[in-house]
Amino acid sequence: MSQKYVVAHFFDDLDNGYNFSAKAWPLHITLLPLFVLNGSITELENKLGIHCAQLHPVKTSVIGHEMFGPDRNIPVSLMDPTPEVTALHNKLVDIIKGDVIFDHPQFIGLGFRPHVSDTPAGRLNENEVQSIDSLTLVDMYPQEDIDRREILRTYRFKLM
């Protein structure tokens, strides 16, 4: 199995190395969907670190609820795809383009629909405003365990 990753923003502060069940994700918004890395993880971490040091927090809010997934059985809160949120996603795609292969490229660029999946930890409420002020690189198969996820590194944005 290939090593895979995602880039997300978690709404709670989680330590690097935090390991959790694939069925019990903390509340988060995925900014880059599942991908395989062609290059080195260190190089990717450096790129993300340099980029995040130049970013400012962006705000978005819940604009509705919907069911996602192939069977339409995953409840999500749709987030407002503001120009700032869309620009953040597109910038991340540009930064790692060529270094990764996305499992589902239809969900990047024009196919990006910012959302927060409901979790055992809860869900977001209609019109709730959230700030995206960091990015987290998540290992989707830590120690080759398909049932676990692990926080590799969180990058904080520049404060205004």
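First, a word on scope: everything that follows refers to the structure included in this document. The structure displayed is predicted, hence computed values, not measured ones. The written sequence of each chain sets the order in which its residues are numbered from 1. pLDDT decides what is reported in this predicted model: residues at 70 or higher carry local features, side-chain atom pairs at 80 or more are listed and counted, and totals for whole chains, interfaces and linings draw on all residues regardless. Derived side-chain values reflect all non-hydrogen atoms in the structure, with water molecules and hydrogen atoms excluded from consideration.

Let's shift gears to the overall build of the protein. Numbered from the N terminus, helices here are DSSP runs of H or I no shorter than four residues, and strands are runs of E no shorter than two. Helix and strand counts for the protein come out as two helices and 10 strands. Along the protein, helices (α) and strands (β) appear in the sequence β-β-β-α-β-β-α-β-β-β-β-β when read from the amino end. For the protein, whose C-alpha radius of gyration is 15 Å, the value lies close to the compact-globule estimate of 15 Å for 160 residues. Overall, the C-alpha framework of the protein stretches about 40 × 35 × 30 Å when taken along its three principal axes. Counting across all 160 residues of the protein, residues that qualify as buried make up 45%. The quantity called the radius of gyration is restricted to C-alpha atoms. Its globule counterpart is 2.2 Å times the number of residues to the power 0.38. Each residue gets one of three labels from its accessible area relative to the maximum for its type: buried under 20%, exposed over 50%, partly exposed in between, using a 1.4 Å probe on protein chains only.

Across the sheet, four strands lie side by side as β7-β5-β4-β8; this open sheet has antiparallel pairing. The open sheet has two edge strands with one neighbour each: β7 (115-117) and β8 (129-132). Across the sheet, the mean angle separating the axes of adjacent strands is 40 degrees when strand polarity is ignored. Note: strand β4 (residues 58-68) against β8, four bridges, orientation antiparallel. What sits directly across from Thr60, in β8, is Gln130. Contacts are assigned to residue pairs that have any heavy atoms within 4.5 Å of one another. Axes, fitted as lines to C-alpha atoms, cover a helix only where it is in contact. Angles between the N-to-C directions of the axes lie from 0 to 180 degrees. Here helix α2 (residues 83-96) sits on the sheet and contacts β4 and β8; the angle it forms with β4, its principal contact strand, is near 85 degrees. The pairing criterion for strands is at least two bridges between them, as found by DSSP.

Attention now goes to α2. Take the number of residues in a helix, subtract one, and multiply by 1.5 Å to get its expected span. Between its first and last C-alpha, α2 extends 20 Å over 14 residues, near the 20 Å set by a 1.5 Å rise per residue. Every buried residue belonging to α2 is among Val85, Leu88, His89, Leu92, Val93, Ile95 and Ile96, and all of these are buried. Viewed along the axis of α2, the buried residues span an arc of 165 degrees, placing them on a single side of the element. Gly98 sits one or two residues past α2 and shows a positive phi near 90 degrees. The directions from the helix axis to the C-beta atoms are what the arc is built from.

Here we take up the nonpolar core. Counting 32 residues, the largest nonpolar core has Val7, Leu32, Phe35, Leu88, Leu92, Ile96 and Ile132 as its most contacted members. Broken down by element, this core gets its largest block of residues, six residues, from α2. When sequence neighbours within four positions are dropped, the list of residues in contact with Val7 reads Thr30, Leu31, Leu32, Phe35, Leu48, Leu92, Leu135, Thr136 and Leu137. In this description, a nonpolar core means a group of buried Ala, Val, Leu, Ile, Met, Phe, Trp, Tyr and Cys residues linked to one another through side-chain atoms lying within 4.5 Å.

Time to look at unusual backbone geometry. Not every positive phi belongs to a glycine, and Asn127 is a case in point at roughly 70 degrees. Positioned with a positive phi, Glu144 is a non-glycine residue whose angle comes to about 60 degrees. Positionally, Glu144 belongs in the loop between β9 (134-139) and β10 (148-156).

Here we take up helix α1 (residues 41-52). Between the first and last C-alpha of α1 there are 16 Å, a value that for 12 residues agrees with the 16 Å anticipated at 1.5 Å per step. For α1, every residue scored as buried is listed here: Leu44, Glu45, Leu48, His51 and Cys52. In an axial view of α1, the angular spread of the buried residues amounts to 130 degrees, which keeps them on one side of the axis. Those residues of α1 that are buried are in contact with β1 (4-10), β3 (28-37), α2, β9 and β10. The N-terminus of α1 is capped by Ser40, whose side-chain oxygen sits 3.3 Å from the backbone nitrogen of Thr42. We call two N or O atoms a polar contact when they sit within 3.5 Å, provided that within protein one can donate a hydrogen and the other can accept it, with sequence-adjacent residues counted only if both atoms are side-chain atoms.

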